[in-house]
Amino acid sequence: MSALEKLGLAALHWIDPETGHGLALKALNAGLGPKGGPVTSARLRTHLAGLDLPNPVGLAAGFDKNAVALDALAKTGFGFVEVGAATPRPQEGNPRPRLWRLKADRAAINRFGFNNEGMEAIAARLEQRPRGVIGLNLGANKDSEDRAADFATVLKRCGPHLDFATVNVSSPNTEKLRDLQGRAALSALLVGVMTANAGLSRPLPVFLKIAPDLSEAEIEDVARVAEETGVSAIVATNTTLSREGLSDPQKDNMGGMSGQPLFEKSTRVLARLSSLTALPLIGVGGVGSAEQAYEKIRAGASAVQLYTALVYGGVSLAGEIARGLDRLLERDGFANVSEAVGTGRADWL
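Under an unreviewed UniProt entry, the name given to the chain is Dihydroorotate dehydrogenase (quinone), and the source organism is Limimaricola soesokkakensis. A UniProt comment under Catalytic activity (unreviewed entry) is attached to the chain, and it reads "(S)-dihydroorotate + a quinone = orotate + a quinol". UniProt's Function (unreviewed entry) comment on the chain is quoted here verbatim: "Catalyzes the conversion of dihydroorotate to orotate with quinone as electron acceptor."

Below, the structure written as structure tokens:
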């Protein structure tokens, strides 16, 4: 991290987290972030669900909800970027405050509730997107009469400008959204999304993002439904409702918790999925170092994503993790990251 980034990060931590987040996006657009582009090497280049990634370290959804910093993010070192979540109509989300930094735990709690400017505004920005692998997290409006149909609606509108799309039924901040993870509801929703995808001039890889709070039986159901409906990959996991292991005074705020305390829980779900399905997996939850990215990969992830760690390590962390991962792969004799996928799965089961 540069001295300027350290100074900026320290300043942002003195103000309201949501305001600080908005300022961070503006700083990126002003050219104050890394400018080297995706970190890559023969070891890091990988193939995921039809996508050629320069490295397997991606940006998770939520950091750039409205796709306002695509040009800047394409230069930061990430191998792929996911924006959103986008809903058909604009919505304000839940009342503020709705984001808390848990500095003692290097974590965060949010209850945003899919606040975004809507698919039309986001699609207009995606039309002007830079080169690179860019995807969109699909969401549903809180007051929708047919939430399942909302996902397909957003895909139809934005799909022509994307490289992949992620179905997000795992946010804890929209009432009853997680009910769509049940086998019958999930199957019906995904059939609708995949039908919409087939209607695109260029069908996309469609990912499914799940919660870390599922039971063993629910994880098995997710794996089966994903396979049956033709999903290209599973993203494990979203934020958790658990507060286990937290010590920060703000730990009891309502919302989904992300960051370091989620690492073990999410990695165990990832490893379990890896033992149940041959679908590619994307590991999310608590990734804040090259070592943790490597652990996710060895537990069964073909790629990883991060977000909360940027609050504490800055946007340059993406490149640092990718370069560190390259060194770890070299140390252990892997010619390519794909060779390491799942080699440590047993440690997490």
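A. Geometry of the packing of aromatic side chains. For the structure on display, the rule yields four aromatic pairs. Between the aromatic rings of Phe63 and Tyr307, the centroid separation amounts to 5.8 Å while the plane-to-plane angle is 90°, which identifies the pairing as edge-to-face. Of this pair, Phe63 sits in the loop between strand E3 (57-59) and helix H3 (70-73) while Tyr307 sits in the loop between strand E13 (303-306) and helix H10 (308-313); the two residues are 244 residues apart in sequence, bridging distant segments of the chain. With a relative accessible area of 6%, Phe63 lands in the buried category. Considering the side-chain rings of Phe263 and Trp348, the 5.9 Å spacing of their centres and the 80° angle between planes classify their relative orientation as edge-to-face. Here the residue Phe263 occupies a position in helix H8 (residues 263-276), and Trp348 occupies one in the segment after helix H11 (317-331), the gap between them amounting to 85 residues. For Phe263, a relative accessible area of 10% puts it in the buried group. Among the aromatic residues, those joined into a cluster by ring pairs are Phe80, Phe164 and Phe207.

B. Quick look at the packing of helix H6 (residues 183-198) against helix H7 (residues 216-229). At their nearest, the axes of H6 and H7 sit 10 Å apart, and the two run at 25° to each other. Relative to H7, H6 is oriented roughly parallel. Between H6 and H7 the crossing geometry is right-handed. In contact with Arg183, Leu186, Ser187, Leu190, Val191 and Met194 of H6, H7 contributes Asp221, Val222, Arg224, Val225, Glu228 and Thr229. Broken down by class, the residue content of the contact of H6 with H7 amounts to six nonpolar, two polar and four charged.

C. A look at the sheet that holds strand E11 (residues 256-259). Pairing is antiparallel in the open sheet, where three strands are placed in the order E5-E6-E11. Single-partner strands in this sheet number two, and they are strand E5 (99-102) and E11. Taken over all neighbouring pairs, the strand axes of this sheet differ in orientation by 20° on average, direction set aside. The pairing of strand E6 (residues 107-110) with E11 spans four bridges and is classified as antiparallel. Counterpart to Ile109 in the pairing with E11 is Met257.

D. Spatial organisation of the layout of surface pockets. Taken as a whole, the second largest pocket spans an internal volume of roughly 420 Å³. Looking at the second largest pocket, it is lined by 20 residues, and the ones nearest its centre are Glu18, His21, Lys65, Asn66 and Asn115. Within the lining of the second largest pocket, the residues separate by chemical class into five nonpolar, eight polar and seven charged.

E. Local environment of the nonpolar core. Counting 88 residues, the largest nonpolar core has Leu136, Phe151 and Val167 as the members making the most contacts within it. With residues near it in sequence (within four places) discarded, Val167 still touches Leu138, Phe151, Leu189, Leu190, Val193, Val206, Phe207, Leu208 and Lys209.

F. The pattern of salt bridges, seen in detail. For the coordinates displayed, the defined rule picks out 19 salt bridges. Across the pair Arg96 and Asp16 runs a salt bridge whose closest N-O atoms are separated by 2.8 Å. One end of the pair, Arg96, is in the loop between strand E4 (80-86) and E5; the other, Asp16, is in the loop between helix H1 (3-12) and helix H2 (17-29), and 80 residues separate them in sequence. Here Arg89 makes a salt bridge to Asp143, at a shortest N to O gap of 2.9 Å. You can see Arg89 sitting in the loop between E4 and E5 and its partner Asp143 sitting in the loop between strand E7 (134-138) and helix H5 (147-158), a full 54 residues away along the chain. Of the residues examined, Arg89 reaches a relative accessible area of 40% and is grouped as partly exposed. Several salt bridges share partner residues, and in doing so they unite Asp16, Glu18, Arg96 and Arg98 into one network.

About the cut-offs
- Residues numbered from 1 in each chain as written.
- Predicted model: local features only at pLDDT ≥ 70, side-chain atom pairs only at ≥ 80, totals over all residues.
- Heavy atoms only, no water.
- UniProt positions renumbered as here; feature names shortened; annotations may be inferred.
- Phe/Tyr/Trp six-rings, centres within 6.5 Å; stacked < 30°, edge-to-face > 60°.
- Helix = DSSP H or I, 4+ residues; strand = E, 2+ residues; numbered from the N terminus.
- Buried < 20%, exposed > 50% of the residue type's maximum accessible area, 1.4 Å probe, protein only.
- Axes fitted to C-alpha atoms, helices over the stretch in contact; angles between N-to-C directions.
- Parallel < 35°, antiparallel > 145°, perpendicular 65-115°, else oblique.
- Left-handed = near helix turned anticlockwise from the far one by under 90°.
- Contact = heavy atoms within 4.5 Å.
- Nonpolar A, V, L, I, M, F, W, Y, C, P; charged D, E, K, R; others polar.
- Pairing = 2+ DSSP bridges.
- 1 Å grid on protein atoms, 1.4 Å probe; cavity = no way out; pocket = protein on both sides within 12 Å on 5 of 7 lines; lining within 4 Å.
- Points joined across faces, edges and corners; volume = space filled by probe spheres on them.
- Core = buried A, V, L, I, M, F, W, Y, C linked by side-chain atoms within 4.5 Å.
- Salt bridge = Lys/Arg side-chain N within 4 Å of Asp/Glu carboxyl O.

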